[in-house]
Each structure stands twice: as C-alpha cells, then as structure tokens.
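Chain by chain, the residues run as shown.
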Amino acid sequence: MRAFVATELRPHAARWEADGWYPHSVFEALAARGWLGVTMPAEHGGLGLGPEFGAVVSEELGRCGSGGLAAGIGAHCGIACPPLAAFGTPAQRARWLEPAIRGELVAALAITEPGGGSDVAAMRTRADPVDGGWVVNGEKSYITGGVRAGIYVTAVRTRPGGGHHGLSFLVLEAGEGVSAAPLRKLGWHASDTATVAFEDVAAAEDQLLGGLHEGFGLIMANFQGERLGMALLALGEMRETFEATLAWAREQPAAQARRHALAGLATSVEAAAAITYGTLRRVVAGLDATREVTAAKLHTQRANLELQERCLRLRGLEGHLEVERALRDARLGPIGGGTDEIMREILGRSLGV
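Residues numbered from 1 in each chain as written. Predicted model: local features only at pLDDT ≥ 70, side-chain atom pairs only at ≥ 80, totals over all residues. Heavy atoms only, no water.

## With respect to the overall build of the protein
Phase 1 of the analysis: For the protein, the helix and strand inventory stands at eleven helices and eight strands.
Phase 2 of the analysis: Structurally, the protein occupies a C-alpha span of about 75 × 50 × 35 Å along its principal axes.
Phase 3 of the analysis: Relative to its 353 residues, the protein shows a buried fraction of 52%.
Phase 4 of the analysis: For the protein, long-range pairs separated by at least 24 residues make up 74% of all intrachain contacts whose partners lie at least 6 apart in sequence.
Phase 5 of the analysis: Summed over its atoms, the accessible surface of the protein is roughly 15600 Å², and 55% of this surface lies on carbon and sulfur atoms. (Helix = DSSP H or I, 4+ residues; strand = E, 2+ residues; numbered from the N terminus. Buried < 20%, exposed > 50% of the residue type's maximum accessible area, 1.4 Å probe, protein only. Contact = heavy atoms within 4.5 Å. Areas by Shrake-Rupley, 256 points an atom, 1.4 Å probe, with all protein chains shown as cover.)

Right, here's the structure in full:
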C-alpha cells in the first residue's frame with residue numbers, strides 16, 4: 001500500500017490539486033487490488049479482512065500528498081460504503097455495495113446541512129411519504145465526493161418534529177432532481193466537496209436503508225469508523241511531513257534549537273500513534289471504544305495541524321509547497337467528523353461530568 005501511494009498517487013498530487021479533480025482511474029486502481037473493499041464482506045466482493053487491515057489503507061493514504069484525494073477515497077470506502085454493508089439488505093448490497101467495491105460506482109454520505117452542522121436533530125431535508133415510497137426535498141453541504149457520486153447515502157427527516165427520533169436513511173441515486181455544486185475551500189482542493197440539492201427526488205421503498213425512523217442510530221454507529229479513520233489519516237500525514245522534515249534537517253548545519261524542535265515533533269508523532277493504535281486494538285478486540293475513538297480523533301487532528309505548522313516554520317515559510325498544502329488540509333481535522341467542541345462534550349459526559 002505504501003509503495004502504491006508513493007508511485008501511483010503522490011507524484012500526481014500537485015497536478016490534481018491544481019485541477020481541483022482526480023481521475024476515476026484512482027478508484028479503479030484501488031479496486032483492482034481489492035483495497036476499496038478491504039473490510040467488506042467477501043460474498044459481496046470485498047476481502048473480508050478485519051479493521052486492522054482497513055487501518056493500513058487509511059494511514060497510508062495520509063502519505064499521498066493531498067488531503068482532498070485521501071478524503072475522497074476514504075469517504076467512499078470508509079464512510080459511505082460501511083452503512084450499506086452493515087444495514088443493507090442482500091438486494092441493496094448487490095445493487096449498490098458490489099459495484100462500489102469494484103470501483104464502478106462512487107458513494108457519498110450526505111448528512112451535514114447548511115444550517116445544521118453538528119446538530120443532526122436540526123436536519124431539515126425531508127422525505128414525504130407517497131404511494132410506494134417517498135419524495136425528497138432539501139439540501140446537504142460539505143459532502144465529500146458529492147460531484148462524482150453515483151449514489152448518496154442520505155439522512156432525511158421522515159417524521160415531522162421528533163428530533164433524533166424522526167430520522168431515516170435513503171439511498172438516493174444521481175439523476176433527475178439531484179444537483180451538485182463544488183465548493184471552494186481553503187484546503188482539500190482535489191476533493192469534489194459539494195453542496196447537493198434534492199428537488200422532488202423520488203425514492204422507492206426498497207431504497208430505505210435500515211429501519212424507518214431509526215437513522216440516528218445509524219449515524220452514531222458510522223461516526224465511530226469515520227473518526228477512527230480520520231485519526232489514522234492524520235497519523236499518516238504527520239509521519240510523511242515529519243520524515244521529510246527530518247531528512248531536510250539532516251542536510252542543514254547542526255543547530256540545537258532545531259534538534260530540540262525535532263525531538264518534540266517526534267514525540268508528538270509517537271503520542272498520536274499510541275492513542276490511535278490503542279484505540280484500534282479495542283476495536284479489533286470487539287470492545288466498546290466510543291471514549292477512545294473520541295479521544296483519538298480529538299488528539300490527532302489538533303496534533304496534526306500543529307505539527308504541519310511547526311514543520312513549515314522550521315523549513316521556512318516559502319518554497320515548501322507540500323508542507324503548505326498539508327497545513328491547509330490539516331485545518332479540516334478539528335472540524336470534520338465532529339468538531340473539537342463536540343468531541344470534548346462526548347468525552348466530558350463519558351466521565352460523568
């Protein structure tokens with residue numbers, strides 16, 4: 001996986017960043033090696049391996065040189081596909097999951113809304129019941145992979161009011177009534193992050209994923225995998241930038257201040273690895289890891305952002321385009337997948353305070 005990233009992805013990162021797009025052949029190349037379905041069921045075309053193997057893919061993608069590219073791949077195979085595998089019927093898995101694993105279909109998870117952010121109870125996209133299904137109207141924002149997606153695993157309100165208890169998931173297919181507009185962003189330039197609008201989109205009964213009005217549980221279950229994946233991705237980004245900075249420093253005149261700074265950065269990388277791998281061990285063992293996942297996500301995202309900035313300052317604020325890009329991309333970490341404030345709230349409640 002590391003060799004693939006180094007030879008097939010990283011050399012193209014700068015061009016794909018400038019283009020604001022990467023080719024679909026990236027998904028095809030990953031699918032040919034089985035890496036879009038590492039943890040997916042073997043009976044549906046996946047490799048059927050454990051979460052430790054999925055972790056390898058996540059961490060190594062962090063070395064690709066483009067947060068947007070890594071996020072686009074990760075959003076497909078690590079965020080949008082797992083609900084299909086976990087909650088889909090055999091027919092739904094055959095219809096959507098299998099082509100997604102083969103790299104023929106890109107999936108996007110559509111939860112966040114312009115006025116909702118982390119408050120999923122405030123969701124306004126609604127699915128009104130009609131004979132044989134629903135009609136969906138609403139808008140989602142910051143949807144990774146939203147432009148190229150063929151399907152949207154979409155959280156909708158199926159019961160007026162009801163807060164968390166009125167949400168469901170529908171798998172909506174790109175087509176009539178669905179429009180996606182790419183967003184301009186500080187970082188993640190290669191990612192087709194989008195605002196996605198649904199206008200009178202028809203959804204049949206067999207497009208309901210999981211139980212009716214049970215979408216909040218699906219959201220919470222999926223957050224755990226997303227947040228651990230973000231921690232692993234950040235760890236890969238930290239390792240890549242630190243190793244490059246260390247190689248640069250070894251070619252410079254000896255300086256105590258630089259040596260001490262690098263020692264601190266090395267410690268930060270190992271601390272991030274320790275908390276992330278410790279969390280992964282609990283997940284592999286089948287233990288509840290809600291608190292650990294939350295802590296790992298909170299720690300690694302801020303640590304990554306700080307490491308990228310400190311490495312850029314060590315090397316000089318101009319002329320190190322890859323570190324500049326990594327710093328911009330890392331800014332998303334403390335926001336996406338649940339803000340630092342949300343992570344602290346979850347942790348604080350888990351401590352009984």
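## Quick word on helix α1 (residues 2–9)
Phase 1 of the analysis: Within α1 the residues assigned to the buried category are Phe4, Val5 and Leu9. Buried residues along α1 cover an arc of 100° about the axis, so they all sit on one side.
Phase 2 of the analysis: Summarising the contacts, the buried residues of α1 are in contact with α2 (13–19), α3 (25–32), α4 (51–61) and α5 (67–87). (Arc of directions from axis to C-beta.)

## Examining the environment of Leu312
Phase 1 of the analysis: Counting through the fold element by element, Leu312 comes out in helix α9 (residues 290–315).
Phase 2 of the analysis: Note on Leu312: relative accessible area 8%, which makes it buried.
Phase 3 of the analysis: Leu312 sits 204 residues away from Ala108 along the chain, and the two C-alpha atoms are 33 Å apart.
Phase 4 of the analysis: The contact partners of Leu312, leaving out residues within four places of it in the chain, are Leu317, His320, Val323, Glu324 and Leu327.

## Focus on the packing of aromatic side chains
Phase 1 of the analysis: All told, the structure shown has four aromatic pairs when counted by the stated rule.
Phase 2 of the analysis: Measuring from centroid to centroid gives 6.5 Å for Trp16 and Tyr22, while their planes differ by 50°, and the two rings are tilted.
Phase 3 of the analysis: Relative to Phe27, the ring of Tyr22 lies with its centre 6.0 Å away and its plane at 35°, an arrangement referred to as tilted. Each member of the pair, Tyr22 as well as Phe27, carries the same accessibility label: buried.
Phase 4 of the analysis: Counting every residue linked through ring pairs, the aromatic cluster contains Trp16, Tyr22 and Phe27.
Phase 5 of the analysis: Cation over ring: Arg148 sits above Trp21, and NZ or CZ is 3.9 Å from the ring centre.
Phase 6 of the analysis: Directly above the ring of Phe223 sits Arg227, whose terminal nitrogen or CZ lies 4.1 Å from the centroid. (Phe/Tyr/Trp six-rings, centres within 6.5 Å; stacked < 30°, edge-to-face > 60°. Lys NZ or Arg CZ within 6 Å of the ring centre and 35° of its normal.)

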